[in-house]
Amino acid sequence: MGRYRGPIVKVARHLGVNVAETEKVQKYLDRRPYAPGQHGQKRRGRPSDFAVRLREKQKLRFIYDVSETQFRNLFEEASRKKGVTGTVFLQLLESRLDNVVFRMGIASTRRQARQFVRHGHILVNGKRVTVPGYRLRQGDELKVSEKAKKMDFIVQNVERFKNRKTFPWLEFNADTMTGRFLRVPEREMLSLPVNEQLVIEFYSR
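Residues numbered from 1 in each chain as written. Predicted model: local features only at pLDDT ≥ 70, side-chain atom pairs only at ≥ 80, totals over all residues. Heavy atoms only, no water.

A. Geometry of the overall build of the protein chain. Per the secondary structure count, the protein chain includes 9 helices and 5 strands. Secondary structure elements of the protein chain occur, N-terminal to C-terminal, as α-α-α-α-α-α-α-β-β-β-α-β-β-α. Carbon and sulfur atoms form 48% of the exposed surface of the protein chain, whose accessible area is close to 11,700 Å². (Helix = DSSP H or I, 4+ residues; strand = E, 2+ residues; numbered from the N terminus. Areas by Shrake-Rupley, 256 points an atom, 1.4 Å probe, with all protein chains shown as cover.)

Rendered as structure tokens:
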């Protein structure tokens, strides 16, 4: 299964979660807090255990906007590493370059962040990186390319998100458009509407 390219609002309403983590999607959810479609407002019966686990997996996958194959591969890697599998899994997702570009406010969505990376607008430690899933390490420095600093989309994003909440595992200077990946976040630092234990159970069935 490839990456979903349809309307993200539809997915958010279906899952009942702001998977895009944007104000625009949240407004849609506040206005229509039910699943899309003709029968979206009808009550459904109690979901099966499988359905509950699948829903949590889908929520997490759509939040980070990765394909099923990438998601599964990261889970399997996390399960082989030391530590709590769920936490390690989230840390691997958070360490993706496209996610960090989004978290820093350079892009308004993860989809846009992926485009910026693919088009060569982001430098890591002074080198152009065009792989959205590139994994950042502690201390890695990010920089918007000189050409991209003049792009309206990026200038507007940085200005708009300049005063929003910051993330303690990241550092970003809006004036110079440079940032640093300080460390992987601890689980308690992540306010994700997901029970990752159910995701583990889904893949362990």
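B. Region of the structure containing the packing of aromatic side chains. For the coordinates displayed, the defined rule picks out 7 aromatic pairs. Aromatic side chains F167 and W169 sit 5.2 Å apart centroid to centroid with 50° between the ring planes, which places their arrangement in the tilted category. W169 gets classed as buried once you look at its relative accessible area, which sits at 1%. Plain terms: the ring middles of F202 and Y203 are 5.2 Å apart, the flat faces sit at 80° to each other, and that makes the pair edge-to-face. Y203 shares its class with F202; the two are buried. Following the ring pairs from residue to residue traces out a cluster consisting of F50, F71, F75, F89, F202 and Y203. Sitting over the ring of Y64, R110 keeps its end group 5.0 Å from the ring centre. (Phe/Tyr/Trp six-rings, centres within 6.5 Å; stacked < 30°, edge-to-face > 60°. Buried < 20%, exposed > 50% of the residue type's maximum accessible area, 1.4 Å probe, protein only. Lys NZ or Arg CZ within 6 Å of the ring centre and 35° of its normal.)

C. Structural context of the pairing of strand β5 (residues 178–181). Along β5, the buried face is formed by G179 and F181; none of T178 and R180, which line the opposite face, is buried. Strand direction decides the pairing type here: strand β4 (residues 170–173) and β5, joined by 4 bridges, are antiparallel. The residue bridging E171 from the neighbouring strand is R180, located in β5. (Pairing = 2+ DSSP bridges.)

D. Molecular detail of unusual backbone geometry. Non-glycine residue D65 carries a positive phi angle of around 55°. Within the chain, N125 stands out as a residue other than glycine whose phi angle is a positive 55°. For N125, the location among the structural elements is in the loop between β1 (122–124) and β2 (127–128). Residue classification places N125 among the partly exposed residues on the basis of a relative accessible area of 44%.

E. Molecular detail of helix α3 (residues 49–64). The end-to-end C-alpha distance of α3 is 23 Å, a good match for the 22 Å that 16 residues give at a rise of 1.5 Å each. The complete set of buried residues in α3 reads E56, K57, Q58, K59, L60, R61, F62, I63 and Y64. Where α3 terminates, the next one or two residues include D65, which has phi positive at roughly 55°. (Expected span 1.5 Å × (residues − 1).)

F. Spatial organisation of the side chain of N157. Residue placement: N157 occurs in helix α8 (residues 152–160). Accessibility expressed as a relative area gives 3% for N157, which makes it buried. Among the polar contacts listed, one links the side chain of N157 to the side chain of Q112, at a separation of 2.8 Å. A polar side-chain atom of N157 sits 3.2 Å from a polar atom in the side chain of R160. If sequence neighbours within four positions are ignored, N157 has contacts with G105, I106, A107, S108, Q112 and F116. (Polar contact = N/O pair within 3.5 Å; in protein donor to acceptor, adjacent residues only side chain to side chain. Contact = heavy atoms within 4.5 Å.)

G. Spotlight on the nonpolar core. L60, F89, L97 and V101 are the most contacted members of the largest nonpolar core, which has 45 residues in total. When residues in this core are grouped by element, the largest group, 5 residues, is from helix α5 (residues 85–94). A domain split of this core shows at least three residues from each of domain 1 (8–39 + 46–83 + 192–204) and domain 2 (94–181). In contact with V101, other than residues within four places in its own chain, are I106, A107, A113, V117, I122 and L142. (Core = buried A, V, L, I, M, F, W, Y, C linked by side-chain atoms within 4.5 Å. Domains from an automatic or database assignment.)

H. Quick look at the packing of helix α4 (residues 68–80) against α5. Close contact between α4 and α5 brings their axes to 8 Å; oriented N to C, the two are set at 130°. Here α4 lies oblique to α5, going by the angle between them. Judged by the twist between their axes, the crossing of α4 over α5 is right-handed. Seen from α4, the contacting residues are F71, L74, F75, E77, A78 and S79; seen from α5, they are T85, V88, F89, L92 and L93. Grouping the amino acids of the contact of α4 with α5 by side-chain chemistry returns 8 nonpolar, 2 polar and 1 charged. (Axes fitted to C-alpha atoms, helices over the stretch in contact; angles between N-to-C directions. Parallel < 35°, antiparallel > 145°, perpendicular 65-115°, else oblique. Left-handed = near helix turned anticlockwise from the far one by under 90°. Nonpolar A, V, L, I, M, F, W, Y, C, P; charged D, E, K, R; others polar.)

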